[in-house]
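Residue-level listing of the chains:
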Amino acid sequence: MSRRNISKKRFPEVDPKYNSYLVSLLIQRILKSGKKTIAKNIVNGAFEIIKTKTNEDPLVIFEKAIKNASPIVEVKARRIGGSTYQVPIEVSSFRATNLALRWVIKNSRSRVGRRMSIKLANEIIDTANDIGNTIKKKEETHRMAEANKAFAHFRY
């Protein structure tokens, strides 16, 4: 029986069209039932819409949106002596990016509209401009951490 290194994370390769690792992560998160071509078409369509709406490089706007949506702290439930405390902890950069991508995709799916590429483009533009549901989610996460700052000494 072969043993492989479990602690090593497997990262997707860099996206060939935009030469960006972040775009390939976005494609992976949009992916449903292994239909990667559809996920790529959604992302490429969204980037085209961003380009026409803002007249700027869509990659720059996307990176700005992810930077704006990335949380700095979050709360984790920790059980101490029979009671559960929401303990604020700092978020690693990879997890922050991951959460931001997840929130952008979740909020774009819940938007009103027909095509996913349009909804994704609008969500990315809103997040880059510091408005929208993704930014609300980030601020809510920060508020939770701020409210439970008293339990910070329970950090692991």
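Further up the page is the structure itself.
Conventions used here
- Residues numbered from 1 in each chain as written.
- Predicted model: local features only at pLDDT ≥ 70, side-chain atom pairs only at ≥ 80, totals over all residues.
- Heavy atoms only, no water.
- Helix = DSSP H or I, 4+ residues; strand = E, 2+ residues; numbered from the N terminus.
- Buried < 20%, exposed > 50% of the residue type's maximum accessible area, 1.4 Å probe, protein only.
- Contact = heavy atoms within 4.5 Å.
- Areas by Shrake-Rupley, 256 points an atom, 1.4 Å probe, with all protein chains shown as cover.
- Lys, Arg positive; Asp, Glu negative; His and termini not counted.
- Charge placed at Lys NZ, Arg CZ, Asp CG, Glu CD.
- Core = buried A, V, L, I, M, F, W, Y, C linked by side-chain atoms within 4.5 Å.

Engineer: Could you give me a rundown of the overall build of the protein chain, with the residues and numbers involved?
Structural biologist: From N to C terminus, the protein chain includes six helices and two strands. Taking the principal axes of the C-alpha coordinates as reference, the protein chain spans close to 55 × 50 × 25 Å. In the protein chain, which comprises 156 residues, the proportion classed as buried is 42%. Taking the intrachain contacts of the protein chain between residues at least 6 apart in sequence as the baseline, contacts between residues at least 24 apart amount to 59%. In the form shown here, the protein chain has an accessible surface area of approximately 10,100 Å², with 51% of it arising from carbon and sulfur atoms. Averaging the positions of the 32 positive and the 14 negative side-chain charges in the protein chain gives two centres separated by 9 Å.

Engineer: Describe the environment of Lys-17, listing the residues and the values that go with them.
Structural biologist: Looking at the secondary structure, you find Lys-17 in the segment before helix H1 (21-30). The class for Lys-17 is exposed, based on a relative accessible area of 51%. The spacing of Lys-17 and Asn-44 is 27 residues in sequence and 9.0 Å in space, taken between C-alpha atoms. In contact with Lys-17, other than residues within four places in its own chain, are Asn-44 and Glu-48.

Engineer: Give a description of the nonpolar core that names residues and reports values.
Structural biologist: Membership of the largest hydrophobic core comes to 30 residues, with the highest contact counts inside it found for Val-23, Leu-26, Ile-30, Phe-47, Phe-62, Leu-120 and Ile-124. Listing elements by their share of this core, those giving two or more residues are H1, helix H2 (36-54), helix H3 (58-69), helix H4 (93-109) and helix H5 (116-128). Among the elements that make up this core, the one with the highest residue count is H2 (seven residues).

Engineer: Could you give me a rundown of the side chain of Thr-127, with the residues and numbers involved?
Structural biologist: Looking at the secondary structure, you find Thr-127 in helix H5. Residues in contact with Thr-127, not counting those within four places in the same chain, are Ala-65, Asn-68, Ala-69, Val-104, Thr-134 and Ile-135.

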